[in-house]
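Report on the structure
This is what each chain is made of:
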Amino acid sequence: MEISYTELRSKEVVNLQNGARMGKVIDMIIDSNGKNVLGLVVPGIRRLFKSGEDIFIPWCNISKIGNDVILVSLDIASLTNITKSADMNLDGVSYDKGVDDYL
């Protein structure tokens, strides 16, 4: 399956675990060789006068890419903050930080 970044960012991301709409894709993370997509980034929860941290969705958690929507399967505990990606081992694709670690 081939899909462009422009097509991806026009799609809404929905979590199958709780039915929550997570927003549209704002970025895509690829490995340093440029051969593999590691995941997508969606906006975090926005609060009044304070922007939330962006959320990294590992590629393995993407269930289906449809015409209008991207379905992902994520537990709240598995969400990671993209700004903390330096703490993650992207080469080994290890995602052990949860959303509560950054709130």
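One can find the structure itself at the top, above this paragraph.
In this report, we go over the structure that sits alongside the text.

**Here's the deal with the overall build of the protein chain**
Counting secondary structure elements, the protein chain contains one helix and eight strands. Among the 103 residues that make up the protein chain, the fraction classed as buried is 35%. Here the protein chain has roughly 6600 Å² of accessible surface; of this, 48% comes from carbon and sulfur atoms.

**Observations regarding the pairing of strand β1 (residues 12-15)**
Across the two faces of β1 the burial is the same, with E12 and V14 and V13 and N15 all buried. Taken together, the three bridges between β1 and strand β2 (residues 21-24) define a ladder with antiparallel strand orientation. Of the residues in β2, the one forming a bridge with V14 is R21. Taken together, β1 and the strand that follows it, β2, pair antiparallel across an intervening segment of five residues, in which G19 is found at a positive phi of about 75°. Where β1 lies against strand β7 (residues 69-72), four bridges are found, and the strand directions are parallel. Across the sheet, residue V14 finds its bridge partner in β7, namely L71.

**Digging into the sheet that holds β2**
Reading across the sheet, the four strands line up as β2-β1-β7-β6 and stay open at both edges, with mixed pairing between neighbours. Because the sheet does not close on itself, it has two edges, and the strands there are β2 and β6 (62-65). Within the sheet, the average angular offset between the axes of one strand and its neighbour, ignoring direction, is 20°.

**Some points on the pairing of β7**
Burial of β7 is one-sided: the residues I70 and V72 facing one way are buried, the residues V69 and L71 facing the other way are not. Across three bridges, β6 lies against β7 in antiparallel orientation. Residue pairing for β7: K64 is matched across the bridge by L71.

**Looking at the pattern of salt bridges**
Side-chain pairs of opposite charge can arise whenever the charged atoms involved come near each other. Applying the stated criterion to the full structure yields one salt bridge. Two residues, R21 and E12, come together in a salt bridge whose shortest N-O distance is 3.7 Å. A relative accessible area of 17% means that E12 is categorised as buried.

Conventions adopted
Residues numbered from 1 in each chain as written. Predicted model: local features only at pLDDT ≥ 70, side-chain atom pairs only at ≥ 80, totals over all residues. Heavy atoms only, no water. Helix = DSSP H or I, 4+ residues; strand = E, 2+ residues; numbered from the N terminus. Buried < 20%, exposed > 50% of the residue type's maximum accessible area, 1.4 Å probe, protein only. Areas by Shrake-Rupley, 256 points an atom, 1.4 Å probe, with all protein chains shown as cover. Pairing = 2+ DSSP bridges. Axes fitted to C-alpha atoms, helices over the stretch in contact; angles between N-to-C directions. Salt bridge = Lys/Arg side-chain N within 4 Å of Asp/Glu carboxyl O.

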